[in-house]
Amino acid sequence: MPTIYITGRGGDANQGLGAYLKTLDANRIGLSINSQFLKLSHDEQVGVVSKLMGDFDSADTLIVANSYGAYLLLQVMLVLGSLKSQVILISPVMGRGMLKSAMFMSRPPNEHKIVEAEEKGNVLAGMRIAVHVGEHDDSVNICDISKRLGIVDVYVVPKAGHDLPRAYVQKIISPHLMPK
């Protein structure tokens, strides 16, 4: 089973979760959403993720995407209309969001594509997608958007923020990669 890991903004696929995934799957493919990658236009960023999906999408592939990396993957899934891979979205950015407690607002590029997909409803239904978000992240908004997109496996982690606890993330990923 190929494993693809797409980091969040500023992430390094060889550190943190990426390093952990490499211990479970030596052939793990990582995409770092680092400063070099972020120099690309949004369309070019989506194009890189789309190429990655085109090259490796299969029923045996596990894709783990974090935060802004999950947003880019969502943009690709909305264009493709289907994906065979198992997808785990961790603290995904799903369009405009606000954390009043931190006085932070997110307004990612091409957010209108998510809004248009929400209006169509259930456009991601039937795909193997799980969303994991911290209670103190933009969880209500993320749950609502997920539901409108047709994602049914949505989990809110109590007392957690945008950075989910390491033990929780390992617990949700390990079963997919452990030898059977």
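Below you will find a few notes about this structure. (Residues numbered from 1 in each chain as written. Predicted model: local features only at pLDDT ≥ 70, side-chain atom pairs only at ≥ 80, totals over all residues. Heavy atoms only, no water.)

Comments concerning the packing of helix 1 (residues 16-24) against helix 6 (residues 166-177)
Put simply, the rule reads: Axis lines are fitted through C-alpha atoms, for helices just across the contact stretch, and the angle between N-to-C directions can take any value from 0 to 180 degrees. In this text, helices come from DSSP runs of H or I with a minimum length of four residues, and strands from runs of E with a minimum of two, each type numbered from the N-terminal end. The scheme is simple: roughly parallel for angles under 35 degrees, roughly antiparallel for over 145, roughly perpendicular for 65 to 115, oblique for anything else. Crossing handedness is defined as follows: a turn of the near helix away from the far one that is anticlockwise and smaller than a right angle gives a left-handed crossing, while the clockwise case is right-handed. Note on contacts: a residue pair qualifies if any of its non-hydrogen atoms lie within 4.5 Å across the two residues. Following the grouping adopted for this structure description, the nonpolar residues are Ala, Val, Leu, Ile, Met, Phe, Trp, Tyr, Cys and Pro, the charged ones are Asp, Glu, Lys and Arg, and the polar ones are all others, Gly among them.
Their axes nearest at 10 Å, the elements helix 1 and helix 6 cross at an angle of 30°. It follows from the interaxial angle that helix 1 and helix 6 lie roughly parallel. When you trace helix 1 past helix 6, the crossing you get is right-handed. Contact residues: Leu17, Tyr20, Leu21 and Leu24 in helix 1; Val169, Gln170, Ile173, Ser174 and Leu177 in helix 6. Split into classes, the residues belonging to the contact of helix 1 with helix 6 amount to seven nonpolar, two polar and no charged.

Structural notes on the environment of Ile151
Position of Ile151 among the secondary structure elements: in the loop between helix 5 (139-149) and strand 8 (153-157). Here the alpha-carbon distance between Ile151 and Ala130, two residues 21 residues apart in the chain, equals 7.3 Å. Each residue touching Ile151, except ones within four places of it in the same chain, is listed here: Met94, Leu124, Ile129, Val131 and Ser146.

A look at helix 5
Rules: Think of it in three bands: with a 1.4 Å probe and only protein chains considered, a residue is buried below 20% of the maximum accessible area for its type, exposed above 50%, and partly exposed in between. Taken from the helix axis, the directions to the C-beta atoms give the arc we talk about.
Buried within helix 5 are the following residues: Ser139, Ile142, Ile145, Ser146 and Leu149. Burial along helix 5 is one-sided: seen end-on, the buried residues are contained in an arc of 130°. Residues Val140 and Lys147 are exposed on helix 5 and point more than 90 degrees away from its buried face. Buried residues along helix 5 sit in contact with helix 3 (67-80), helix 4 (111-120), strand 7 (129-134) and strand 8. Downstream of helix 5 by a residue or two, Gly150 has a phi angle that is positive, lying close to 95°.

Digging into the nonpolar core
Basically, it comes down to this: Within this scheme, the nonpolar core is defined by two criteria: the residues are buried Ala, Val, Leu, Ile, Met, Phe, Trp, Tyr or Cys, and they are joined through side-chain atoms within 4.5 Å.
Counting residues in hydrophobic clusters, the biggest one holds 36 residues, and the most contacted among them are Ile6, Met53, Leu73, Met77, Leu89 and Ile129. Formed by 17 residues, the second largest nonpolar core is a distinct cluster that contains Tyr5, Val157, Ala160 and Leu164.

So, the packing of aromatic side chains
Two aromatic rings are characterised by how far apart their centres lie and by the angle between their planes. Just so we agree on the cut-off: Stacked, tilted and edge-to-face are the three classes applied to pairs of Phe, Tyr and Trp rings, where Trp contributes its six-membered ring and a pair requires centres within 6.5 Å; stacked means planes under 30 degrees apart, edge-to-face means over 60, and tilted covers the rest. A positively charged side chain is recorded as over a ring if its NZ (Lys) or CZ (Arg) lies within 6 Å of the ring centre. The angle to the ring normal must also be within 35 degrees.
Applying the stated criterion across every chain, the model contains one aromatic pair. With a centroid separation of 5.9 Å and an interplanar angle of 25°, the aromatic rings of Tyr68 and Tyr71 are classed as stacked. Taken together, the positions of Tyr68 and Tyr71, both in helix 3 and three residues apart, correspond to about one turn of that helix. Accessibility classification places Tyr68 together with Tyr71 in one group, the buried group. In this structure, Arg9 packs its charged tip against the face of Tyr68, placed 4.2 Å from the ring centre.

Geometric descriptors of this kind do not, in isolation, establish any biological role.
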